[in-house]
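Here is how the chains run, residue by residue.
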Amino acid sequence: MGILFILAIVCFVLYITLYSRQKGPVQDQTYVSSCAHPQQLSAPLCPPHGNDRIATVRSSPHSTNYVILDTETTGLSPYTDRIIQISAIRYNELGKPVASFDTLLNPCCPIPPHITQINGITNQMVAFAPCADQIRDGFLSFLGDDLIVGYNVTFDLRFLNQTFPGFFSGRCYVDALSLVRKSLLLPSYKLEHVASEVGFSPDGAFHDSFTDCEAVAAILRHIEVELSSRISIFDAPTSHSQPRSIPDPWEQGFAFWRQGEELRKDGRFEDAIQLY
C-alpha cells in the first residue's frame, strides 16, 4: 500500500506539472505566426512618424535634411531572416533632430534565443507588434527622398529592400562605418566602442535601433566629415528580388561569405567565423 500511495503522489505531481506547462505563459516562445489585424492589436499602430521616442543627440551639419536609420533583425541574411525593429531620425541642415520613427515589428516567426541575448527583443515583445506591411506607408513616407545614413548601412538597406521590394534600389546613402575607418584609428570599429570613444553614453542599451541611431549621430558630429563627399548609390540585388521557398545553396553560401567578410573587416571576428 505504501508503494502504491507513493506512485499515486508521483503521478499526480507529474500531471500538475505538465498541465501547468500547457496552460501557463510561455516566456521565450510566444509569437504570432501571422499578422494581427490592426483592430485586434492591444495598442494602436505607430503614428505616421513613429512613436513618442524623442531624439536629443545632435549630428553633423549637411546641406539638406538626412535620415539616420538602423534595424534589428532575427539574423544576418536578408533572404531568410526578418526585421524586428526599425528606427529612423531625421536631421536638418544644422544637424538638429527634427522628427523620429521607431517601431518593433512582428516577424511572423520565432526570434532565435541568441538574437534576444544580443538586442533584448523577445517573442512576447513583438507578438502584437505590427507587421512590415502595416507600417510600410508610414515608414516610407517618413523617409521620403532624404539621404540615408547608417552604420554599415548596406546591411540595413539589404533587409529593407527585401522587406519593401524596389523602394531602396538607387537610393543615396552614406556609410558612417567607412567614414569612421578613414577618420579614426581605433582597435575596434564596433558601434558601441566607437560611440564610447567619442563620449556618447546611451540612456539604454546598444542594439536598440533607436539608441544606435543616436550613437551614429554623436559619431558624425565628432568626426565632422562632409557627408556630400561620401555619398554612394545603393545597388539593390536583383537575383533575390522575389523570395524563394528553397534558397539556392551556392548563392546563399556566397551571401553568408560576403556578410562574414563585412563582419571581419568590422573587427567582429567571433560573428564572422560563424558564417564561413
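Residues numbered from 1 in each chain as written. Predicted model: local features only at pLDDT ≥ 70, side-chain atom pairs only at ≥ 80, totals over all residues. Heavy atoms only, no water.

A.B. asks: Help me out: how do you make sense of the overall build of the protein in this one?
C.D. replies: Scanning the protein from N- to C-terminus turns up ten helices and six strands. Counting only residues that meet the buried cut, the protein has 44% of its 276 residues in that class. Nonlocal contacts in the protein, meaning residues at least 24 apart in sequence, comprise 71% of its contacts between residues at least 6 apart. Carbon and sulfur atoms provide 57% of the accessible area of the protein, an area that totals close to 15,200 Å². (Helix = DSSP H or I, 4+ residues; strand = E, 2+ residues; numbered from the N terminus. Buried < 20%, exposed > 50% of the residue type's maximum accessible area, 1.4 Å probe, protein only. Contact = heavy atoms within 4.5 Å. Areas by Shrake-Rupley, 256 points an atom, 1.4 Å probe, with all protein chains shown as cover.)

A.B. asks: Even after reading the chapter, I still don't get the pairing of strand S3 (residues 97-104), so can you show me in this structure?
C.D. replies: Each regular strand displays side chains that alternate between the two surfaces of the sheet. Most of S3 sits inside the fold, with six of its eight residues counted as buried. Pairing of strand S2 (residues 83-91) with S3 involves seven bridges; the strand directions are antiparallel. Each residue of the ladder has a partner; that of glutamine 85, found in S3, is leucine 104. (Pairing = 2+ DSSP bridges.)

A.B. asks: Can you help me understand the packing of aromatic side chains in this one?
C.D. replies: Given two aromatic rings, their pairing is described by the distance between the two centres and the angle made by the two planes. For the coordinates displayed, the defined rule picks out seven aromatic pairs. On the numbers, 5.3 Å between centres and 55 degrees between planes, the contact of phenylalanine 101 with phenylalanine 139 is tilted. Of this pair, phenylalanine 101 sits in strand S3 while phenylalanine 139 is found in helix H4 (residues 132-143), placing the two residues 38 residues apart along the sequence. Here phenylalanine 101 falls in the buried class, since its relative accessible area comes to 0%. Relative accessible area serves as the criterion here: at 0%, phenylalanine 139 is assigned to the buried category. Taken together, the aromatic side chains of Phe101, Phe139, Phe142 and Phe164 make up a single cluster linked through ring pairs. Between arginine 90 and the ring centre of phenylalanine 142, over which it is positioned, the NZ or CZ distance is 4.4 Å. The positively charged end of arginine 181 is found above the aromatic ring belonging to tyrosine 189, 5.1 Å away from the centroid. (Phe/Tyr/Trp six-rings, centres within 6.5 Å; stacked < 30°, edge-to-face > 60°. Lys NZ or Arg CZ within 6 Å of the ring centre and 35° of its normal.)

A.B. asks: Mind showing me how you'd approach the pattern of salt bridges here?
C.D. replies: Think of it this way: side chains of opposite charge can pair up when their charged atoms draw near. Going through the model one piece at a time under the given rule, you end up with three salt bridges. Aspartate 146 is the partner of arginine 90 in a salt bridge, and the nearest nitrogen-oxygen pair spans 2.8 Å. Pair noted here: arginine 90 is in strand S2 and aspartate 146 is in the loop between H4 and strand S4 (147-150), with a separation of 56 residues, a long-range link. Classification of arginine 90 by relative accessible area gives buried; the value is 13%. Members of the salt-bridge network, linked through shared partners, are Arg53, Asp102 and Asp208. (Salt bridge = Lys/Arg side-chain N within 4 Å of Asp/Glu carboxyl O.)

A.B. asks: Where do I start with the nonpolar core in this structure?
C.D. replies: Among the nonpolar cores identified, the biggest contains 34 residues, and Ile68, Val149, Tyr151, Val194, Phe200, Ile219 and Leu220 are the most heavily contacted of them. The set of elements that each furnish at least two residues to this core consists of strand S1 (66-73), S2, S4, helix H6 (176-183), helix H7 (191-197) and helix H8 (209-223). Counting residues per element, this core draws most heavily on H8, at nine residues. Among all residues touching tyrosine 151, those that are not within four sequence positions of it are Asp156, Asp175, Ala176, Leu177, Val180, Tyr189, Lys190, Leu191, Val194, Val216 and Ile219. In terms of nonpolar packing, the next biggest core, distinct from the first, is built from 25 residues, Ala88, Phe101, Ile135 and Leu140 among them. (Core = buried A, V, L, I, M, F, W, Y, C linked by side-chain atoms within 4.5 Å.)

A.B. asks: Can you help me understand the environment of alanine 236 in this one?
C.D. replies: Mapping alanine 236 onto the fold places it in the loop between strand S6 (232-233) and helix H9 (249-265). For the pair formed by alanine 236 and threonine 154, sequence separation is 82 residues and the distance between their alpha carbons is 9.6 Å. Setting aside residues no more than four positions away along its own chain, alanine 236 makes contact with Asn161 and Ser169.

A.B. asks: Please explain the packing of H6 against H8 as it appears in this structure.
C.D. replies: Across the interface, H6 lies against H8 with an axial gap of 11 Å and an inter-helix angle of 35 degrees. With respect to the hand of their crossing, H6 and H8 are arranged in left-handed fashion. Residues Ala176, Leu179, Val180 and Ser183 of H6 lie in contact with H8, whose contacting residues are Val216, Ile219, Leu220 and Ile223. (Axes fitted to C-alpha atoms, helices over the stretch in contact; angles between N-to-C directions. Left-handed = near helix turned anticlockwise from the far one by under 90°.)

A.B. asks: How should the sheet that holds S4 be read in this particular structure?
C.D. replies: Two orientations exist for strands paired in a sheet by backbone hydrogen bonds: parallel and antiparallel. Read across the open sheet, the six strands follow the order S3-S2-S1-S4-S5-S6; overall the sheet is mixed. In this open sheet, the two strands that pair with only one neighbour each are S3 and S6. Note: strand S5 (residues 172-175) against S6, two bridges, orientation antiparallel. Bridge pairing in S6 links cysteine 172 to isoleucine 233. Docked against the sheet, H6 engages S4 and S5, running at close to 40 degrees with respect to S5.

A.B. asks: So what exactly am I meant to see when it comes to helix H5 (residues 153-163) here?
C.D. replies: Along an α-helix, residues three or four positions apart point the same way, because every turn accommodates 3.6 residues. Taking burial as the measure, the eleven residues of H5 include nine buried ones, the bulk of the element. Along H5, the positions that sit buried rather than exposed are Val153, Thr154, Phe155, Asp156, Leu157, Phe159, Leu160, Asn161 and Gln162.

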